[in-house]
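If you want the building blocks of each chain, they are given just below.
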Amino acid sequence: MSLPMVISMAVNSLYNIIDSYFVAKVSENAMTALALVYPVQNLVNAIAIGFGVDINAIIAFYLGAGEQSQADKTATQGILFSFIHGVLLMILCITGMPVFLKNFTSDPELAHLALSYSSRVFLFSPIISVGLSYEKIFQSMGKMKATMLCMMSGCIVNIILDPLMIFGIGFFPAMGIAGAAYATGIGQCVTLIVYLLLYTSFNTSLKISRKYIQLEPVIMKK
């Protein structure tokens, strides 16, 4: 069970490495700008993964206890809270980046490049949060290979789109560092779409439904 999880975590870390590889070909400042944004990106992922692990543990607890309806409610409400967290993180990161960057650089060009990347990449924070929650939900059901497949799908899309959108290959306009942000975001969207396709295509031990959205204090507290 552990190997697919390790691969999933490694693939999740590859997004910034892949962006860095192609952005470094644009300019040294672009590479530095990406490095300045990375700690905040990592924080967003850490918060989303941390909450996803909580969802995983509670679902596993209820499934082990034979309380199917509580497990279903946890999965549904966990997804809802993950989306809310993603929206809050998006707002906080986009509005807080100018202040954050002032502590690390006084170069206006560097700050402009960092903001050009961050203002776009953090728009996808809700997608990232929900996608990582789906990862933990699938893992709570023991479907480790499914999470590996989903993460790899998004990463492969990112690898393909990065040079196309950064350098303007084919019908894509050359967007520079902004293109790297969009490629990363689209890759995360693909990951979430594959999760949704897998969930709707196969019988799973969890049911995510609108009827379970009514919040319960016990689940919220856990």
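Just so it is clear, the model here is predicted, and its values are computed rather than measured.

(A) The arrangement of the nonpolar core in detail. Membership of the largest hydrophobic core comes to 48 residues, with the highest contact counts inside it found for Y117, F122, I137 and F138. With eleven residues, the top contributor of residues to this core is helix α2 (residues 28-64).

(B) The packing of aromatic side chains, seen in detail. Within the structure shown, the criterion is met by six aromatic pairs. Note on F61 and Y62: the rings are 5.5 Å apart at their centroids and 65° apart in plane angle, and the pair reads as edge-to-face. Each residue in the set Y134, F138 and Y195 is aromatic and connected to the rest through ring pairs, giving one cluster.

(C) Region of the structure containing the environment of K145. Positionally, K145 belongs in helix α6 (residues 144-167). Along the sequence, K145 and P163 sit 18 residues apart, while their C-alpha atoms lie 28 Å from each other.

(D) Representation of the layout of surface pockets in the model. Volume-wise, the largest pocket comes out at about 340 Å³. Residue assignment for the lining of the largest pocket shows that the elements contributing at least two residues are α1 (2-23), α2, α5 (125-140) and α7 (177-201). Per-class residue counts for the lining of the largest pocket are ten nonpolar, ten polar and two charged.

(E) Region of interest: the pattern of salt bridges. All chains considered together, the criterion is met by two salt bridges. When the shortest N-O distance is used, the salt bridge between E216 and K73 registers 2.5 Å. Separated by 143 residues along the polypeptide, E216 in the loop between α7 and α8 (217-221) and K73 in helix α3 (residues 68-102) bring together distant segments of the chain. Its salt-bridge partner being K136, residue E135 comes within 3.8 Å of it at the nearest N-O pair. Judged by its relative accessible area of 8%, K136 is buried.

(F) Layout of a nonpolar patch on the surface. A cluster of nonpolar side chains, namely F83, I84, L88 and L92, defines an oily patch on the protein surface of about 380 Å² accessible area. Note on placement: F83 falls in helix α3.

Cut-offs applied
Residues numbered from 1 in each chain as written. Predicted model: local features only at pLDDT ≥ 70, side-chain atom pairs only at ≥ 80, totals over all residues. Heavy atoms only, no water. Core = buried A, V, L, I, M, F, W, Y, C linked by side-chain atoms within 4.5 Å. Buried < 20%, exposed > 50% of the residue type's maximum accessible area, 1.4 Å probe, protein only. Helix = DSSP H or I, 4+ residues; strand = E, 2+ residues; numbered from the N terminus. Phe/Tyr/Trp six-rings, centres within 6.5 Å; stacked < 30°, edge-to-face > 60°. 1 Å grid on protein atoms, 1.4 Å probe; cavity = no way out; pocket = protein on both sides within 12 Å on 5 of 7 lines; lining within 4 Å. Points joined across faces, edges and corners; volume = space filled by probe spheres on them. Nonpolar A, V, L, I, M, F, W, Y, C, P; charged D, E, K, R; others polar. Salt bridge = Lys/Arg side-chain N within 4 Å of Asp/Glu carboxyl O. Patch = residues over 30% accessible without salt bridge, like charges linked within 9 Å, V, L, I, M, F, W, Y side chains within 5 Å. Areas by Shrake-Rupley, 256 points an atom, 1.4 Å probe, with all protein chains shown as cover.

So yeah, pure geometry; function would need other evidence.
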